[in-house]
Amino acid sequence: MHHVIQWSGGIGSWAATELVRHDHPDDPITLLFADVKIEDSDLYRFNADASARLGIPITRVCDGRTPFELFVQRSYLGNARIAPCSQALKQRPCRRWLTEHTDPADTVLYVGLEPGEQRRVPAITAGWRPWRVEYPLMQHPGLTKDDLLAWCRHVSLEPPRLYEFGFSHNNCGGLCVRGGQAHWRRTHDVFPDRFAWYAQLEQDFRDTHGDVAILKRRHHGQTQPLPLRDLHTDSFPAAAFTELDLEHILRLLGLGERPEDRRRRLAVGSPTARRDRTG
């Protein structure tokens, strides 16, 4: 059986690969990475380090366009509701590779969704047919992102730096159009030059296509575009949060967890737990 990991350069796809390699040590494994050309430089460092540790080369595919080049060509600005870059720049190049190099009859795809992302499973599974898709991390419902990062460090592999900066995912260099206001404020604070670059690209798009924006805000009960250049002056209304923003805040507050999961998460970071892991 050929095992193909949908490798994002994030902690979830790395952990999924470790589990698959453990369960299938003698089978061929491919790390399939779709490069959108605006990734953080540290993602490529992590790819190289993780590939060396796993003993598996990265198989890179690339459409050749950046997300904003795609938006301009399609005259459509990606946003949290519809992000055409995901399909055009990631899924299609990967599907082309799969079609050319694998047989669905003896190939399994793996996606590193974390246990809390169960709602995404049906659409992903349907979208990759006729290939079968499995989700290794879903078999370990008690795992959290903090657990995965701790595991990564325990094996002397430094996680991608975007997690340390507070980003929930290591993709698009902090410029993911699916992120909400909290995500983009963080990008503004951590990567001001990148933020300014995207704010200008967005404004150039607006000059041609009118009052559209990556972000939205609620004002007097109405949803309105919120240009990136105006984000720092906006009142940060809670209604403008995306689902990802809310999940991140709830996770930080320890809300929405089962009691046993919270106890386990807190125990992982305790001095006793760290001593047990380093044994």
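Residues numbered from 1 in each chain as written. Predicted model: local features only at pLDDT ≥ 70, side-chain atom pairs only at ≥ 80, totals over all residues. Heavy atoms only, no water.

**Brief notes about the overall build of the protein chain**
A tally of helices and strands in the protein chain yields 12 helices and 7 strands. Counting all 279 residues of the protein chain, 48% fall into the buried class. Across the protein chain, the fraction of contacts at a sequence separation of at least 24, relative to all contacts at a separation of at least 6, is 67%. Carbon and sulfur atoms form 52% of the exposed surface of the protein chain, whose accessible area is close to 14,200 Å². (Helix = DSSP H or I, 4+ residues; strand = E, 2+ residues; numbered from the N terminus. Buried < 20%, exposed > 50% of the residue type's maximum accessible area, 1.4 Å probe, protein only. Contact = heavy atoms within 4.5 Å. Areas by Shrake-Rupley, 256 points an atom, 1.4 Å probe, with all protein chains shown as cover.)

**Some thoughts on the pairing of strand 6 (residues 215-219)**
The pairing of strand 6 with strand 7 (residues 222-226) spans 5 bridges and is antiparallel. Bridging from a neighbouring strand, Lys216 pairs with Pro225 of strand 7. Between strand 6 and strand 7, which pair antiparallel in sequence order, lie 2 residues; one of them, His220, sits at a positive phi of approximately 55°. (Pairing = 2+ DSSP bridges.)

**Let's talk about the sheet that holds strand 1 (residues 2-7)**
Here 5 strands make up an open sheet; going across it, the order is 3-2-1-4-5 and the pairing parallel. Lying at the two open borders of the sheet, with one neighbouring strand each, are strand 3 (58-61) and strand 5 (132-134). Looking at each pair of strands side by side, their axes are set apart by 30° on average, direction ignored. Bridge analysis of strand 1 against strand 4 (residues 107-110) gives 4 bridges, and the strand direction is parallel. (Axes fitted to C-alpha atoms, helices over the stretch in contact; angles between N-to-C directions.)

**Concerning the packing of helix 3 (residues 67-74) against helix 9 (residues 192-209)**
Relative orientation of the contacting elements helix 3 and helix 9 amounts to 5°, with a least axis distance of 11 Å. Comparing the axis directions of helix 3 and helix 9 gives the class roughly parallel. Here Pro67, Phe68, Phe71 and Val72 of helix 3 lie close against helix 9, whose contacting residues are Tyr198, Leu201, Glu202 and Phe205. In the contact of helix 3 with helix 9, the residues fall into 7 nonpolar, no polar and 1 charged. (Parallel < 35°, antiparallel > 145°, perpendicular 65-115°, else oblique. Nonpolar A, V, L, I, M, F, W, Y, C, P; charged D, E, K, R; others polar.)

**Looking at the packing of aromatic side chains**
Inspection of every chain in the model, using the stated rule, returns 10 aromatic pairs. A ring pair is formed by Phe68 and Phe71, whose centres lie 5.4 Å apart and whose planes are at 70°; its orientation type is edge-to-face. Of this pair, Phe68 and Phe71 both sit in helix 3, 3 residues apart, which is roughly one turn of the helix. As far as the burial class goes, Phe68 and Phe71 line up, both buried. Here Phe68 and Tyr198 contribute two aromatic rings whose centre-to-centre distance is 5.0 Å and whose plane-to-plane angle is 90°, an arrangement assigned as edge-to-face. Of this pair, Phe68 sits in helix 3 while Tyr198 sits in helix 9, and the two are 130 residues apart along the sequence. Each of the two residues, Phe68 as well as Tyr198, counts as buried. Joined through ring pairs, the aromatic side chains of Phe68, Phe71, Trp184, Phe195, Trp197 and Tyr198 make up one cluster. Directly above the aromatic system of Phe191 lies the positively charged group of Arg194, at a separation of 3.8 Å from the ring centroid. (Phe/Tyr/Trp six-rings, centres within 6.5 Å; stacked < 30°, edge-to-face > 60°. Lys NZ or Arg CZ within 6 Å of the ring centre and 35° of its normal.)

**Considerations on the confidence of the model for the protein chain**
Mean pLDDT over the protein chain: 89, with 84% of residues reaching 70 or higher. Confidence drops under a pLDDT of 50 for residues 236-241, and excluding neighbours within four residues, the segment shows 12 contacts in the predicted structure. Here residues 269-275 is modelled with pLDDT under 50, and outside its nearest four sequence neighbours on either side it reaches 4 contacts, counting other chains as well. (pLDDT = per-residue confidence, 0-100.)

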